[in-house]
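Fold and geometry: a report
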Protein chains: 2
Amino acid sequence: MTAVRLALAQVDTTLGDIAGNAALVRAWVQRAAAAGRDLVAFPEMTLTGYPVEDLALRTSFIEASRAAVDDLARDLADDGLGDVTVVVGYLDRDVSVAPGTSLVGRPAGAVQNCAAVITGGRVAARYAKRHLPNYGVFDEFRIFTPGANGLRIELPHGHVELVICEDLWVEAVVAELAERSTRPDLLLVINASPYERDKDDVRYELCASRAARLGTTVAYVNLVGGQDELVFDGGSLVVAADGSLLARAPQFVEDLLVVDVPTATTAGRATPVSAAIAEVLDPVAEVWHALVLGLRDYAHKNGFTTAVLGLSGGIDSAVTAALACDALGADHVLAVSMPSRYSSEHSVTDAEDLAKRTGCDYRLVAIQPMVDVFVSALDLSGLAEENVQARVRGVILMGISNSEGHLVLAPGNKSELATGYSTIYGDAVGGFAPIKDVAKTLVWELARWRNAAAERRAETPPIPQSTIDKAPSAELRAGQVDSDSLPDYDVLDAVVDGYVTGDRGRADLLAAGFDAVVVDEVVRLVDRAEWKRRQYPPGTKITKKAFGRDRRLPITNRWVEPTADIVAP
Amino acid sequence: MTAVRLALAQVDTTLGDIAGNAALVRAWVQRAAAAGRDLVAFPEMTLTGYPVEDLALRTSFIEASRAAVDDLARDLADDGLGDVTVVVGYLDRDVSVAPGTSLVGRPAGAVQNCAAVITGGRVAARYAKRHLPNYGVFDEFRIFTPGANGLRIELPHGHVELVICEDLWVEAVVAELAERSTRPDLLLVINASPYERDKDDVRYELCASRAARLGTTVAYVNLVGGQDELVFDGGSLVVAADGSLLARAPQFVEDLLVVDVPTATTAGRATPVSAAIAEVLDPVAEVWHALVLGLRDYAHKNGFTTAVLGLSGGIDSAVTAALACDALGADHVLAVSMPSRYSSEHSVTDAEDLAKRTGCDYRLVAIQPMVDVFVSALDLSGLAEENVQARVRGVILMGISNSEGHLVLAPGNKSELATGYSTIYGDAVGGFAPIKDVAKTLVWELARWRNAAAERRAETPPIPQSTIDKAPSAELRAGQVDSDSLPDYDVLDAVVDGYVTGDRGRADLLAAGFDAVVVDEVVRLVDRAEWKRRQYPPGTKITKKAFGRDRRLPITNRWVEPTADIVAP
């Protein structure tokens, strides 16, 4: 059978490290060569990392990327790999500009999100992404100029159409391909598609529908790894024209997915070189892996090998600590218990227990002496006194970080971020906030899942059962529990999901059956907390809409959801 | 002479307060009616405020804006103003969609930045902005769908072409207007154009060139007031076809600018109803006024009437305090001196002096007791000990704020933000950072200008001369001065301006004559401090590129400006 042997290289790049990323490409083409290959494809913006944001406005960076792709072509030939065709994403300019594109506000000219086709020691062709996502976390229309033309790659055993990420989603692109007189043997899509829950199904369905429409195989190669608030989940896949899944790479790890794609002269579906259809993780496991990779890559790519966090005995800091142990190794994590006069006894014993279970480093610093001196000097009481306790803990963690060089982790979850139920400059201090986009109810699910996973492997579950079972409390005053101030988390999380993730207004939420009193309270809290969220550390996005670059709302904002249409109780 | 009497209403709207903004429009149309008028024009997005950011994705908000513009039309007729033609900016949907526009990623459909033409108790016509800025601070392509069509308003005494802000900058729009068989008597542009230094000249020149090209009068009405990091400077203007300035509103205040625009049947230039050509402020005065308005509107629109800040005796906190006194009134400002063992004597005496000069409230809290307990409990030294001093001050200010309800002001300047020369959760705490976009050298200029302005009015200069004259120091260790750690501010500010504001790479900066050692040090510091800047409070933008939404760079970023082309010394 005639076929194109295709290798999808699902790699973890480092943003801005052009030389390092080029070396990564060489190493992976080498690996692919060992598997026998005609075509090796890398993700979108492999040479630069993704997203480059406003680095795309800097001429020195653009020129470095352009030079690197030419160097890479020569280096691959020097490596004896000149006969392989390599498709690699990078940053270029003026490749092809869509007609009618205004360059107002584009100081660096027509900068483009590009793919290079490298073969025979040179860049044989360049493609500029035509459709630029500019919603959610994406700002591509801000920094890139859309390209004008499609790109067809002729290989000895077949021909390939190339597009980049968003292009695949746009009807006009598919329509144009469908109108061609000869259909391609393969539609290759290179991507940097960030993880969010339930997205892998969407990607598969899109590929299958495009494959069916064009009567061709579709190959989708995705980036893997963490970059600030984004984590790319990999899960590269190849779908046959009949919609069946030919191959899929695992999620959250680097992988080389090799598959034989049948050409027009052959009949039948492609036969994978290896039976590589990785199983998709279950929904909670998937989140855990996303958070571990997001945290690990943030730490390592920013030069941290160790982390420190406060352990309160509660579920949020316990899950954050367990994630840190999985991401960095328990011997690279320092947990600090910082009890005050309002702390329960189990706050310390549960923290100690977690440290024993995981093997992380542990320290106890009593905060009452520091708190007392502030309270008496400033004559604080009520909320001001509560906040001082949290802020003293923040000062302690930053002091330890400054002395010992650890990354400080903030343990806030999405429910807390939404409602502002945290102390700015207190428990909110940190360089990274691993569970920032995880609703409280999902925090508990993660804890249970992680403990069960340990049990399946006959390991000690990291999180004490009493931490999972106890009623959540900030323990900033006597007898305080979260339910004094907030609706039940089941309800709270559902309303936050509708209001924040779904951008649904008040009337819409009431129509969905939520209680008006709860909706009004949650909406008020969410609106009021915008200023605090702006100063919160970054953390891994796992939902359709995370706080951060994904949801951009003004702080100064007098909009109040209309209550005129209150449904009578 | 036949003419259109035009009134430009330069108003200060409040974001999200649709009812309040509609009331503002009614009041100003009433005022304009007293001056006799055919046409009254309000700025871009007057009913909603600007920029609405992702509020534009919420259906309840869109529908409220649509309903408000219809209500406004009826209310104006009820006010007896049905015979006036009113142009007002607002948020609408599906007015006219530019062909080929993809709605991928636009969950709320074709939401548009619109202008309504109101007359006779109804909305007579609607215009959707055709060109959407999506660079710098603007994210309009993220939230809006571009419109398709121009809009011509026929008045009894002439006809008017209407565009919105960015439309005026785009050559295609002007070309289209120039090709019309009859030229308009007036090109009306409604704007929400944020202040930055030297921008008023650019606006005038643009209007003059468009006026000349079309052979028609151009009227430019701009928003005024603060909204988070932006301040709109007003300065609305009317330019005759010959490029001469017919009228200009003052900067940074609300104003009604009334002018008679000659129609096609009349010859000669328009005669202003009143000789209203406001003088442009000098470059330093302009910045001062921008900062005062930005701070005042941030505080008041967020419900604060009072502010608190730490006074170190240094120039940054002194200028911040003087701005706060001008913005909120000295009796609404609390300055707190928080000396440590490393504080000079003049740090306290200069702080006291400023409080006396301005009349602001003053308090002294010695921090050594708090610092000592942290240092001994954690055994801190070096940088960790230095930072604890700053963080103790942060806890004190937040404690006072929590007890007494003041807005906390952070005194950091742009040079400090650039280089990371501040303590996160220490001097960086605050709800607002008034001089965040002001380079250190300009901070001194502002101090001198403000003192001189006081002297011209025979008032006490607010800032002690010794504060202006002393060598800058963080006073976190014995004998410390800024010049131990940073290049001279003259050089530092120039390099930061090139690297940050100009997006110039290393080679480009060396070619401009900067010293390689200094450039490398500044570039390294700027790159390293990104994570700190993300958690810094918002502050008024005054330059072409401010830190914040204006400059979006990854935190995880291994890009290093290439040094291969180092110029030998």
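Below: a short report on this structure. (Residues numbered from 1 in each chain as written. Chains lettered and ligands numbered in written order. Predicted model: local features only at pLDDT ≥ 70, side-chain atom pairs only at ≥ 80, totals over all residues. Heavy atoms only, no water.)

**Here we look at the sheet that holds strand S2 (residues 39-41) of chain B**
Residue and element names in this part refer to chain B. On the basis of which strands lie adjacent, the open sheet formed by six strands has the order S5-S4-S3-S2-S1-S14 and mixed pairing. Each end of this open sheet is capped by a strand with a single partner; those strands are strand S5 (122-128) and strand S14 (255-262). For this sheet the average axis-to-axis angle between neighbouring strands, irrespective of direction, equals 30°. Pairing of strand S4 (residues 111-119) with S5, which is carried by six bridges, proceeds in the antiparallel orientation. The partner of Ala 116 across the bridge, within S5, is Arg 126. (Pairing = 2+ DSSP bridges. Helix = DSSP H or I, 4+ residues; strand = E, 2+ residues; numbered from the N terminus. Axes fitted to C-alpha atoms, helices over the stretch in contact; angles between N-to-C directions.)

**A short note on the packing of helix H15 (residues 489-501) of chain A against helix H17 (residues 516-528) of chain A**
Residue and element names in this part refer to chain A. Two elements in contact, H15 and H17, have axes separated by 10 Å at closest approach and are oriented at 60°. In terms of orientation, H15 lies oblique with respect to H17. In terms of crossing hand, the pair formed by H15 and H17 is right-handed. Counted together, Val 491, Leu 492, Val 495, Val 496, Tyr 499 and Val 500 of H15 and Val 518, Val 519, Val 522, Val 523, Val 526 and Asp 527 of H17 form the full contact between these two elements. A class-by-class count of the residues in the contact of H15 with H17 yields eleven nonpolar, no polar and one charged. (Parallel < 35°, antiparallel > 145°, perpendicular 65-115°, else oblique. Left-handed = near helix turned anticlockwise from the far one by under 90°. Contact = heavy atoms within 4.5 Å. Nonpolar A, V, L, I, M, F, W, Y, C, P; charged D, E, K, R; others polar.)

**Digging into the packing of helix H7 (residues 283-301) of chain A against helix H13 (residues 440-456) of chain A**
What describes two packed helices is the angle between their axes and the distance between those same axes. Residue and element names in this part refer to chain A. Interaxial distance between H7 and H13 falls to 10 Å at its minimum, and their mutual angle equals 95°. Put simply, H7 runs roughly perpendicular to H13. Residue-level inspection shows Val 284, Ala 285, Val 287, Trp 288, His 289 and Leu 291 of H7 in contact with H13, the latter providing Leu 442, Glu 445, Leu 446, Trp 449 and Arg 450. When grouped by side-chain class, the residues that make up the contact of H7 with H13 number eight nonpolar, one polar and two charged.

**Comments concerning the packing of aromatic side chains**
Residues and elements named next belong to chain B. Considering all chains together, one arrives at 17 aromatic pairs over all chains under this definition. When the centroid spacing of 6.0 Å and the interplanar angle of 40° are considered together, the rings of Trp 288 and Trp 449 count as tilted. With Trp 288 in helix H7 (residues 283-301) and Trp 449 in helix H13 (residues 440-456), this residue pair connects regions lying 161 residues apart in the sequence. Accessibility expressed as a relative area gives 16% for Trp 449, which makes it buried. (Phe/Tyr/Trp six-rings, centres within 6.5 Å; stacked < 30°, edge-to-face > 60°. Buried < 20%, exposed > 50% of the residue type's maximum accessible area, 1.4 Å probe, protein only.)

**Looking at helix H10 (residues 368-378) of chain B**
Where H10 of chain B is concerned, the buried positions are Gln 368, Met 370, Val 371, Val 373, Phe 374, Val 375 and Leu 378 of chain B. Turning to H10 of chain B, the residues buried within the fold contact helix H10 (368-378) and helix H11 (382-404) of chain A together with helix H11 (382-404) of chain B. Remark: Asp 379 of chain B follows H10 of chain B within two positions and exhibits a positive phi of approximately 55°.

**A short note on the environment of Leu 407 of chain B**
Residue and element names in this part refer to chain B. With respect to the element layout, Leu 407 can be found in strand S18 (residues 407-408). C-alpha of Leu 407 to C-alpha of Glu 475: the two residues are 68 residues apart in sequence and 25 Å apart in space. Leu 407 has contacts with Leu 295, Tyr 298, Ala 299, Phe 304, Thr 306, Ala 307, Val 308, Gly 431 and Phe 432, leaving out every residue within four places of it along the chain.

**Quick notes on the relation of the copies chain B and chain A**
Its rotation angle being 180°, the transformation that places chain B on chain A also includes 0.0 Å of axial translation and leaves an RMSD of 0.0 Å. In symmetry terms, the pair is related by a two-fold rotation axis. Within chain B, the C-alpha atom positioned nearest to the axis of rotation is that of Gln 535 of chain B, 2.0 Å from it. A share of 99% of interface residues in chain B that are also interface residues in chain A marks the association as one of identical surfaces. (Least-squares fit on C-alpha atoms with pLDDT ≥ 70 in both.)

**Concerning the interface of chain B and chain A**
Of the residues lining the interface, 80 residues belong to chain B; the matching set on chain A comes to 79 residues. Here chain B meets chain A over a buried area of about 7,000 Å², counting both sides, of which 59% is carbon and sulfur. Here Asp 139 of chain A makes a salt bridge to Arg 552 of chain B, at a shortest N to O gap of 3.2 Å. For the interface between chain B and chain A, the tally reads 37 residue pairs in polar contact (both at pLDDT 80 or more). Mapped onto the side of chain B that touches chain A, the elements with two or more residues apiece are helix H2 (59-78), helix H3 (140-143), helix H4 (166-169), H7, H10, H11 and helix H18 (530-534) of chain B. Looking at the side of chain B that touches chain A, the element that brings in the most residues is H11 of chain B, giving twelve residues. Of the residues in the side of chain B that touches chain A, the class split is 42 nonpolar, 18 polar and 20 charged. (Buried area = accessible area lost by both parts, 1.4 Å probe. Salt bridge = Lys/Arg side-chain N within 4 Å of Asp/Glu carboxyl O. Polar contact = N/O pair within 3.5 Å; in protein donor to acceptor, adjacent residues only side chain to side chain.)

**Observations regarding empty space enclosed by the protein**
Taken as a whole, this structure holds twelve cavities of 30 Å³ or more when the rule is applied. Computed from the structure, the largest cavity encloses a volume of approximately 1,000 Å³. Along the wall of the largest cavity there are 41 residues; nearest its centre are Arg 534 and Arg 549 of chain A together with Arg 534, Gly 548 and Arg 549 of chain B. When contributions to the lining of the largest cavity are tallied by element, the ones reaching two or more residues are helix H18 (530-534) of chain A together with H18 of chain B. Of the residues that constitute the lining of the largest cavity, the class distribution is 15 nonpolar, four polar and 22 charged. Computed from the structure, the second largest cavity encloses a volume of approximately 90 Å³. Lining the second largest cavity are 13 residues, with Tyr 50, Pro 51, Asp 139, Glu 140 and Ile 143 of chain B sitting closest to its centre. Looking at side-chain class alone, the lining of the second largest cavity contains nine nonpolar, no polar and four charged residues. (1 Å grid on protein atoms, 1.4 Å probe; cavity = no way out; pocket = protein on both sides within 12 Å on 5 of 7 lines; lining within 4 Å. Points joined across faces, edges and corners; volume = space filled by probe spheres on them.)

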